[in-house]
Amino acid sequence: MTEIPARARAVIIGGGVSGCSVAYHLAKLGWTDIVLLERKQLTSGTTWHAAGLIGQLRASQNMTRLAKYSADLYVKLEAETGVATGMRQVGSITVALTEERKHEIYRQASLARAFNVDVREISPSEVKEMYPHLNVSDVVGAVHLPLDGQCDPANIAMALAKGARQRGARIVENVKVTKVHTQNGRVSGVSWAQGGEQGTIETDIVVNCAGMWARELGARNGVTIPLHACEHFYLVTEAIKGLGRLPVLRVPDECAYYKEDAGKMMLGAFEPVAKPWGMDGIREDFCFDQLPEDMDHFAPILEMGVNRMPMLETAGIHTFFNGPESFTPDDRYYLGEAPELGGYWVAAGYNSIGIVSSGGAGMALAQWIHDGEAPFDLWEVDIRRAQPFQKNRSYLKERVSETLGLLYADHFPYRQMASARNVRRSPLHEHLKARGAVFGEVAGWERANWFAREGQEREYRYSWKRQNWFDNQREEHLAVRNGVGLFDMTSFGKIRIEGRDSLAYLQRLCANDMDVEPGRIVYTQMLNQRGGIESDLTVTRFSPTAFLAVVPGVTLQRDLAWFRKHLSGEFVVITDVTASESVLCLMGPKSRELIQKVSPNDFSNDKNPFGTWQEIEIGMGLARAHRVTYVGELGWELYVPTDQAAHVFEAIEDAGRDLGLKLCGLHTLDSCRIEKAFRHFGHDITDEDHVLEAGLGFAVKSGKGDFIGRDAVLRKRDAGLGRRLVQFRLTKPEPLLFHNEAIVRDGKIVGTITSGNYGHHLGGAIGLGYVPCTNETEADVLGSHYEIEIAGERFAAEASLKPMYDPRAERVRM
Ligand SMILES: Cc1cc2nc3c(=O)[nH]c(=O)nc-3n(C[C@H](O)[C@H](O)[C@H](O)COP(=O)(O)OP(=O)(O)OC[C@H]3O[C@@H](n4cnc5c(N)ncnc54)[C@H](O)[C@@H]3O)c2cc1C
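In this text the structure is predicted, and so the values were computed from the model without any measurement.

Parameters at a glance
- Residues numbered from 1 in each chain as written.
- Predicted model: local features only at pLDDT ≥ 70, side-chain atom pairs only at ≥ 80, totals over all residues.
- Heavy atoms only, no water.
- Helix = DSSP H or I, 4+ residues; strand = E, 2+ residues; numbered from the N terminus.
- Rg over C-alpha atoms; globule rule 2.2 N^0.38 Å.
- Buried < 20%, exposed > 50% of the residue type's maximum accessible area, 1.4 Å probe, protein only.
- Contact = heavy atoms within 4.5 Å.
- Lys, Arg positive; Asp, Glu negative; His and termini not counted.
- Charge placed at Lys NZ, Arg CZ, Asp CG, Glu CD.
- Phe/Tyr/Trp six-rings, centres within 6.5 Å; stacked < 30°, edge-to-face > 60°.
- Lys NZ or Arg CZ within 6 Å of the ring centre and 35° of its normal.
- Pairing = 2+ DSSP bridges.
- Axes fitted to C-alpha atoms, helices over the stretch in contact; angles between N-to-C directions.
- Near = heavy atom within 4 Å.
- Polar contact = N/O pair within 3.5 Å; in protein donor to acceptor, adjacent residues only side chain to side chain.
- Areas by Shrake-Rupley, 256 points an atom, 1.4 Å probe, with all protein chains shown as cover.
- Nonpolar A, V, L, I, M, F, W, Y, C, P; charged D, E, K, R; others polar.
- Expected span 1.5 Å × (residues − 1).
- Bend = angle between axes of the 7 residues up to and from the residue.
- Parallel < 35°, antiparallel > 145°, perpendicular 65-115°, else oblique.
- Salt bridge = Lys/Arg side-chain N within 4 Å of Asp/Glu carboxyl O.
- Left-handed = near helix turned anticlockwise from the far one by under 90°.

So, the overall build of the protein: which residues are in play, and what are the values?
Scanning the protein from terminus to terminus reveals 18 helices and 38 strands. For the protein, the C-alpha radius of gyration of 27 Å lies close to 28 Å, the compact-globule estimate for 814 residues. Dimensions of the protein along its principal axes, counting C-alpha atoms only, are 80 × 65 × 55 Å. Expressed as a percentage of its 814 residues, the buried residues of the protein come to 61%. Across the protein, the fraction of contacts at a sequence separation of at least 24, relative to all contacts at a separation of at least 6, is 72%. Counting 92 positive and 105 negative side-chain charges, the protein places the averaged centre of each group 3 Å from the other.

Laid out in C-alpha cells, this is it:
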C-alpha cells in the first residue's frame, strides 16, 4: 500500500461528506500532509442517498453562518473542481397550517433578517402562484427563502474530495481504520487494514468522521460520541409531465418535504416516532446499502402528501427509499476535540442535515484544529456537551426515536424531550414530585422547572404565547423577591481542585484574583487567548491547597476538559465531585430568618458576609452555607452531602411554613437572573464574547499578574469596546421574549436577544443582547431608540447597561 504513508499530520476517518469537507478545509489551510481513509468507497455510508436539501436558516446565528457558508461554497465548487454538484438555488418555501406554526416561521423570518439571510413572508395565494400543484386551502402563512437550494449530495462529497486532493491531501478507499493508538493521554497513530494487509500511520491528530460508526469507534478509546442510526424515508415518483422547476417545499405540520428533481417529485418524511436501526451493530460489508421498505410506517405521511399534492395519487412510485442516518440525543451534531483524549477530533452525528451542515462544519473544525481554539462560538454542537452516560445504547435507542421527528416538530419555547427521561435524579426528586414539580431535562438531569398547584395539570401546554405555567412562575418569582423561595440546584457541576500548586494553577486559568483567604468565594471567568469566555464559575477556597469550582451542570464536561487540558506539570488533582453533594438554594429577603430557624450558626453580615462560606449545623445534619446568589437576593446555596439532602430539605420545609416558603423551579431562576442582568453561559456569554464587552470587567483583575487572556483584556481596554451587552425590557406587558428576537436600534436590526424571559417584578418581558457600539459612550448607546422585533412586529423597549433590578446590589448584602 504505497499510497498510505507511515506518518501524517492528521488522519481523517471516513469518506462521507463530513470527512471530505474536513480534508478539503484542512488542505486549504495548508495541511497537505494529511490522509483520509475510507473503509469502502467514498459516500458509501449515508451520504450517497441524501435528498440534498440546502436550507440556510438554522436556529442560531452561528449555525446559520455555517449553513450559509456551505450553500455559498457548494455554488462555487463545480467551477473550482470540475465536478458537477447539481447545486441549484431554486429557493425554498415553508408553509404553516396552524397559527402557532405561522408565528414560529415568522419568528424565523425575523431571525433570518438579523442574520442577513434573504427572506420574505408570503401569502397562501403567492404560495399557489409559485407552487401551482399545491393544495393551499388550509395554509395560513408561509415564508420564502430565494437563495436556498438543492444539490447532488454524493457529488458534493466527490467535489470536496477532489478539491482536497488537488491541494495535496491523500484519500484512500477500501482501507479501514482498526485502531487509534494513544500515548500519554494523546493520540499517537492509527492502525489500518485492507484485505489481508495491515499497517500503521503515526499521527498526533485523528478526526472521527465515521458517521453512524462513530460511536463505536470512539468508544474503543473511551471517547463519548452518543449517536445512533435511525431509518429515514423518502419516495420518488415517476416523471410527472409539466412539473417545471419548483422550489423546495417544507410542510412541517405534515412532517414532510418535497423536492422536484429531473421532472420527478420526491417526498421525504420526518415522522414523530422513528425507527432506530443497527442495535446489534452494522454489517461489516455495508456499502451503498438500503434498508427494507416499510410502507405501513410511511403510509400516514403519504396520505397527507396526497391531500397536499393531489397529483401524487396518480403519479407512479419510482423509488421507495429507506436509508440509515445518525441521530443524537439533542438533535445537534458533534464537533471538536474529545474531552477524554487529546488529538481526537470529531465531526459526526448530523441528524439528517449533514449535507447542508458539513461544508461549514468542516471549515470550522479545520480552523479549530489549526488554531487550537474554535473560530467562533460552537458550543451548541461542541462534543464536550455530551455526557458519558449517553453512550448507553438503550438510552440512545429510546431517545433517537424522538429526535428524528423533532426537526419538523413545533419548536416551542421550553419544549422538553418526552423520551429517555429520569436517568439522573437529585436525591430530592421524589420530594419535589410529591409537591407538584413539573420536570425538565438538561444533560440527563431531571430538574423541577415549575411547581403546579394542587389539582392543576402537571404537563406543559406549549405555545408561543403565555404557557399554562406563567402564573405559577409569577408566584414563585414574587416569593423570591418579597419572601423566600427554595430551589434544588443539585445539577450544578462540582469540581475539586487540590494540591500544592492549585493556587498558582487557578491564578493562571482564572481572570479574577484567586488568592483570597480560605472561607471566601470568588466569581470568575476562565478566558481564552482572545479574551473570550470559556467558562463562568464560582471558586470557593476551602484551605490553602483546596478549592471547589461550581459550574452549570451542562458545561461540566467542557469545564473539566478545560481544566485538565491546561495542567502543565503542576501538582494539582482535579476531581469531579458532582454526585457527592446536593445544592439547596434558599433565596429571598426572608432567607436569613428562615435559615436561623433550622441552624444555630451565625448568618449575620459580620460572620457570613456576601462571598463567604461556613460549615453549619442544619436540622440534625451538616452542610456548607455559601453566601452567593444567582437571583439577586439575600440567600444561601447550601451544599449538603447527598445522604442528608432529604433530611435538610424536610427541616427547611417545616421551618418555612410560617414564613410562606415557596418551592421554586428553574424557570423562576431564569426570570429572576435576567431581571438582575446576570449572564448565562452558552447564551449571553460564550468563547466568542470578550469578557469586557460582556460587561464582566469587574471580575477581571489584570493587576494580579499573568493569566490566560490577560493580553486580550489589555488590548481591548486600549482599543475600546466594539459591542456591549445591554438589558432590555418591553414597555408593553403582553409580548414575550425567549431568545433570538431581533434587536432594532433606531429602525435598523443590529443584533439578537441572547436570552429572554418574563420579568414578573419589573412588569414586562426582559432580555439581554449585544449592541455594536464602536467608539460610542454609554450615553450614546442608551440615547438610541430601541425596539425588539418578534415575528415581524416591532415592540418598544427600554434599554439599560446597569441591572434594571437592584442596580446598586443592596439586596444581596441585606
Ligand atoms: C434519506 C435521507 C435523506 C437525507 N437528506 C438530507 C438532505 O436533504 N440534506 C442534508 O443536509 N442531509 C440529508 N441527509 C443527511 C446526510 O445524508 C447525512 O447527514 C450525511 O451524509 C452524513 O455524512 P457523514 O460523512 O457524517 O456520514 P457517512 O456518509 O455515513 O460517512 C461516514 C463514512 O465513514 C466510513 N467509516 C466508518 N468507519 C470507518 C473506519 N473504521 N475506517 C474507515 N472508514 C470508516 C463509512 O464507510 C462511511 O463512508 C439525509 C439522510 C438520509 C438517510
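Tell me about the packing of aromatic side chains, and please be specific about residues and values.
In total, this model carries 29 aromatic pairs according to the counting rule given. Ring centres of Tyr333 and Tyr350 lie 4.7 Å apart, and the angle between their planes is 35°; on these two criteria the pair is classed as tilted. One end of the pair, Tyr333, is in the loop between β17 (317-327) and β18 (334-337); the other, Tyr350, is in the loop between β19 (344-348) and α8 (354-371), and 17 residues separate them in sequence. Neither residue differs from the other here; Tyr333 and Tyr350 are each classed as buried. Plain terms: the ring middles of Tyr523 and Phe698 are 6.2 Å apart, the flat faces sit at 25° to each other, and that makes the pair stacked. Of this pair, Tyr523 sits in strand β24 (residues 521-527) while Phe698 sits in the loop between α16 (666-675) and α17 (710-719), and the two are 175 residues apart along the sequence. By relative accessible area, Phe698 is classed as exposed at 56%. A cation sits over an aromatic face here: Arg9 above Trp31, 3.6 Å from the ring centre. Sitting over the face of the ring of Phe376, Arg65 holds its NZ or CZ atom 4.1 Å from the ring centroid.

Explain the sheet that holds strand β11 (residues 197-202) to me, and be specific about the residues and the numbers.
A sheet is described by the order of its strands in space; here three strands give the open sequence β9-β10-β11, paired in antiparallel fashion. At either end of the open sheet lies a strand with only one pairing partner, and these are β9 (176-183) and β11. Taken over all neighbouring pairs, the strand axes of this sheet differ in orientation by 20° on average, direction set aside. One ladder, built from seven bridges, connects β9 with strand β10 (residues 186-194); its direction is antiparallel.

Tell me about the pairing of strand β23 (residues 493-498), and name the residues and values.
With six bridges joining them, β23 and strand β26 (residues 546-551) adopt antiparallel strand pairing. Among the inter-strand pairings, Ile495 is bridged to a residue of β26, identified as Ala549. In the sheet, β23 pairs with strand β27 (residues 573-576) via four bridges, with the strands oriented antiparallel. Bridge pairing links Ile497 to Ile574 in β27.

Go over the site of the ligand with me, naming the residues and quoting the values.
Surveying the vicinity of the ligand reveals 35 residues, the closest of which are Glu38, Thr47, Leu53, Glu325 and Val356. For the ligand, an oxygen atom lies 2.9 Å from a polar atom in the backbone of Thr46. Backbone polar atom of Ile355 to an oxygen atom of the ligand: 2.9 Å apart, as the coordinates give it. Coverage of the ligand by the protein amounts to 98% of the 1,000 Å² it exposes when considered alone. Tallied by class, residues from the shell around the ligand come to 17 nonpolar, 14 polar and four charged.

Give a detailed account of α8, specifying residues and quantitative values.
Taking 1.5 Å as the rise per residue, α8 with 18 residues should run 26 Å; its terminal C-alpha atoms sit 24 Å apart, in good agreement. Its maximal kink placed at Gly360, α8 deviates by approximately 30°. Directly beyond the C-terminal end of α8, a positive phi value near 80° is found at Gly372.

Give me helix α9 (residues 393-406): which residues, what numbers.
A turn of α-helix holds 3.6 residues, and therefore any two residues three or four places apart point the same way. The terminal C-alpha atoms of α9, which comprises 14 residues, lie 20 Å apart, in line with the 20 Å expected from a rise of 1.5 Å per residue. At Val400, α9 shows its strongest bend, of approximately 30°. Within α9, 10 of the 14 residues are buried, leaving the element largely enclosed by the surrounding structure. Those residues of α9 not exposed but buried are Tyr395, Leu396, Arg399, Val400, Ser401, Glu402, Thr403, Leu404, Gly405 and Leu406. Its side-chain oxygen placed 2.8 Å from the backbone nitrogen of Ser394, Asn392 serves as the N-cap of α9.

Describe in detail the packing of helix α2 (residues 61-81) against α8, supporting the description with residues and values.
At a minimum axis separation of 7 Å, α2 and α8 run at an interaxial angle of 100°. By the criterion of interaxial angle, the relationship of α2 to α8 is roughly perpendicular. From α2, Leu66, Ala67, Tyr69, Ser70, Leu73 and Tyr74 reach across to α8, where they touch Ile355, Val356, Ser357, Ser358, Gly359, Gly360, Ala361, Met363 and Ala364.

Could you give me a rundown of the pattern of salt bridges, with the residues and numbers involved?
Opposite charge on two side chains permits them to pair, given that their charged atoms come into close proximity. The final tally for this structure, using the stated rule, is 56 salt bridges. A salt bridge links Asp204 to Arg7; its shortest N-O distance comes to 3.9 Å. You can see Asp204 sitting in the loop between β11 and β12 (206-208) and its partner Arg7 sitting in the segment before β1 (10-13), a full 197 residues away along the chain. In this structure, the salt-bridge partner of Arg624 is Glu581, at a minimum N-O distance of 2.8 Å. Within this pair, whereas Arg624 is found in strand β30 (residues 621-626), its partner Glu581 is found in strand β28 (residues 581-587), the two being separated by 43 residues in sequence. Beyond isolated ion pairs, a larger network of salt bridges with shared partners links Asp382, Arg384, Glu534, Arg558 and Asp687.

Just give me the short version of the environment of Thr578, but keep the residues and values in it.
Residue placement: Thr578 occurs in the loop between β27 and β28. For Thr578 and Val551, which are 27 residues apart along the polypeptide, the C-alpha to C-alpha distance reads 9.8 Å. Leave out the neighbours within four places in its chain, and Thr578 touches Trp445, Phe492, Gly493, Lys494 and Leu556. A polar atom in the side chain of Thr578 sits 2.6 Å from the side chain of Asp576.

With reference to specific residues and values, describe the packing of helix α1 (residues 17-28) against helix α5 (residues 153-166).
Across the interface, α1 lies against α5 with an axial gap of 8 Å and an inter-helix angle of 30°. Viewed along their axes, α1 and α5 adopt a mutual orientation that is roughly parallel. For α1 against α5, the interelement crossing comes out left-handed. Residues Val17, Cys20, Ser21, Ala23, Tyr24 and Ala27 of α1 pack against Ile156, Ala157, Leu160, Ala161, Gly163 and Ala164 of α5. Split by residue class, the contact of α1 with α5 holds 10 nonpolar, two polar and no charged.

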